[in-house]
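Summary of structural features
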Amino acid sequence: AKAAGRNTLRFYNRALQERMQARAAMERDLRLAIEQEQFELYYQAQVQSGRVIGAEALVRWHHPSKGFVSPAQFIPLAEESALILPLGAWILRTACECLVRWSRNPALAKLTLAVNISPRQFAQADFVDGVLGVIAQTGINPKRLELELTESMLLHDIESTIDKMTQLKSCGVNFSLDDFGTGYSSLSYLKRLPLDQLKIDQSFVRDVLVDPNDAAIARTIIALGTSLGLRVIAEGVETKAQCDFLERHGCNTWQGYFFSRPITANAFETLIQTA
Ligand code: C2E
Ligand code: CA
Ligand code: CA
Ligand code: CA
């Protein structure tokens, strides 16, 4: 039994060591990927009453040997290692350059573009200056830019959060609260944040037709957002039935595979111009 215990321990140590090595390797690769710009932004349509009103930018990593690496894997690592700062800056600049292209095309000029902001990025003291800098350099209309924030990152220093958001809002930038319902929503804070939109997390949308609890949560978020004067968008909509449910309960804006997966900039531009 003792020997078996030792073997188990050795096994766990080796597994742990392998995990740490894989992590260190991924961090090295990520650093290089940022230098070499191995990333690409994909665009997923946001639909309102059957019309595309905008898109969410979602980052993709084309790893030279591993191929496609999911952002669900590398964004958390980038966040822990502070590499999210140069990566986040690249994402924001690339998204704004996309908005510049759209502004020259009548079919695309009215669309908004939502960009995901990570907690560490938002926490930077010069976050506001960084965003205003990119807006000035690219010359985009700030009203076309929407920043997606998550609940947990906003509550930790609420005064500074409100200050940053207010500064950007006064220039026309919009704010959406991503993954709403999954964090530590504090309703008393929610009413103080200068938000434009709540985004119903896809975990509630997925089973909205079969799980009465998810249905109740989705309905409650729609009612809450609406009564606070916010727009409400649902993410992860895959079927007509989910879409109909949301519409029936007062949410007519959504994104999801039912309309389009995230696609390349070119594919998105073609989609809009032929839709
Ligand atoms: P998120 O911001 O909640 O993005 C939504 C995720 O749901 C995306 O996964 C999207 O591809 C996926 N999705 C969209 N429609 C559907 C659908 O109908 N069904 C299902 N099952 N999934 C759908 P993705 O692109 O893999 O991104 C995962 C997460 O990685 C994002 O979650 C976000 O937290 C993070 N992320 C992605 N791009 C960026 C970025 O540019 N910056 C930052 N900071 N984080 C990002
Ligand atoms: Ca998002
Ligand atoms: Ca989300
Ligand atoms: Ca999510």
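The preceding data block contains the structure.
Below you will find a few notes about this structure. Predicted model only: the values in this text are computed from it and were never measured.

Helix and strand content of the protein chain: twelve helices and nine strands. Here the C-alpha atoms of the protein chain give a radius of gyration of 21 Å, agreeing with the 19 Å that 2.2 N^0.38 yields for 275 residues. When its C-alpha atoms are laid out on the principal axes, the protein chain stretches across 65 × 50 × 45 Å. The 275 residues of the protein chain split such that 45% are buried. A separation of at least 24 residues holds for 66% of the contacts in the protein chain among residues at least 6 apart in sequence. Accessible surface, the protein chain: about 14000 Å² in total, of which carbon and sulfur atoms supply 53%. Side chains of the protein chain give 29 positive and 30 negative charges; the mean places of these two sets differ by 3 Å.

Before going further, it helps to spend a moment on the site of ligand 1. Taken together, 20 residues form the shell around ligand 1, and within it Gln44, Arg60, Gln202, Glu238 and Tyr257 come nearest. Contact distances for ligand 1 include 3.3 Å between an oxygen atom and a side-chain N or O atom of Asp179. One of the side-chain nitrogen or oxygen atoms of Gln202 is found 2.9 Å away from an oxygen atom of ligand 1. Contact with the protein chains covers 81% of the free accessible surface of ligand 1, which is 790 Å². At the level of secondary structure, the elements contributing two or more residues to the shell around ligand 1 comprise strand S2 (51-63), helix H2 (71-80) and strand S6 (174-180). The element best represented in the shell around ligand 1 is S2, accounting for four residues. For the shell around ligand 1, the class distribution of residues is eight nonpolar, six polar and six charged.

Bound to the calcium ion (ligand 3) are the protein donor atoms Asp178 (OD), Asp179 (OD), Glu235 (OE) and Glu235 (OE), situated 2.2 to 2.4 Å from the metal. Linear spacing of the donor residues for the calcium ion (ligand 3) on their chain is D-D-x55-E.

What follows deals with the environment of Ile34. The residue Ile34 is located in helix H1 (residues 2-36) in this model. On the basis of relative accessibility, which here comes to 19%, the residue Ile34 falls in the buried class. Along the chain, Ile34 and Trp61 lie 27 residues apart, while their C-alpha atoms are 9.8 Å from each other. Those residues within four positions of Ile34 in sequence are excluded, and the remaining contacts are Phe39, Leu83, Pro86 and Leu87.

All right, on to H2 then. Along an α-helix, residues three or four apart share an orientation, since each turn contains 3.6 residues. Within H2 the residues assigned to the buried category are Phe74, Leu77, Ala78 and Glu79. For H2, the side-chain oxygen to backbone nitrogen distance between the N-cap and Ala72 is 3.0 Å, and the N-cap itself is Ser70. Remark: Ala82 follows H2 within two positions and exhibits a positive phi of approximately 70°.

Rules behind the numbers
Residues numbered from 1 in each chain as written. Chains lettered and ligands numbered in written order. Predicted model: local features only at pLDDT ≥ 70, side-chain atom pairs only at ≥ 80, totals over all residues. Heavy atoms only, no water. Helix = DSSP H or I, 4+ residues; strand = E, 2+ residues; numbered from the N terminus. Rg over C-alpha atoms; globule rule 2.2 N^0.38 Å. Buried < 20%, exposed > 50% of the residue type's maximum accessible area, 1.4 Å probe, protein only. Contact = heavy atoms within 4.5 Å. Areas by Shrake-Rupley, 256 points an atom, 1.4 Å probe, with all protein chains shown as cover. Lys, Arg positive; Asp, Glu negative; His and termini not counted. Charge placed at Lys NZ, Arg CZ, Asp CG, Glu CD. Near = heavy atom within 4 Å. Polar contact = N/O pair within 3.5 Å; in protein donor to acceptor, adjacent residues only side chain to side chain. Nonpolar A, V, L, I, M, F, W, Y, C, P; charged D, E, K, R; others polar. Donors = N, O, S within 2.8 Å, 3.2 Å for Na, K, Ca; no water.

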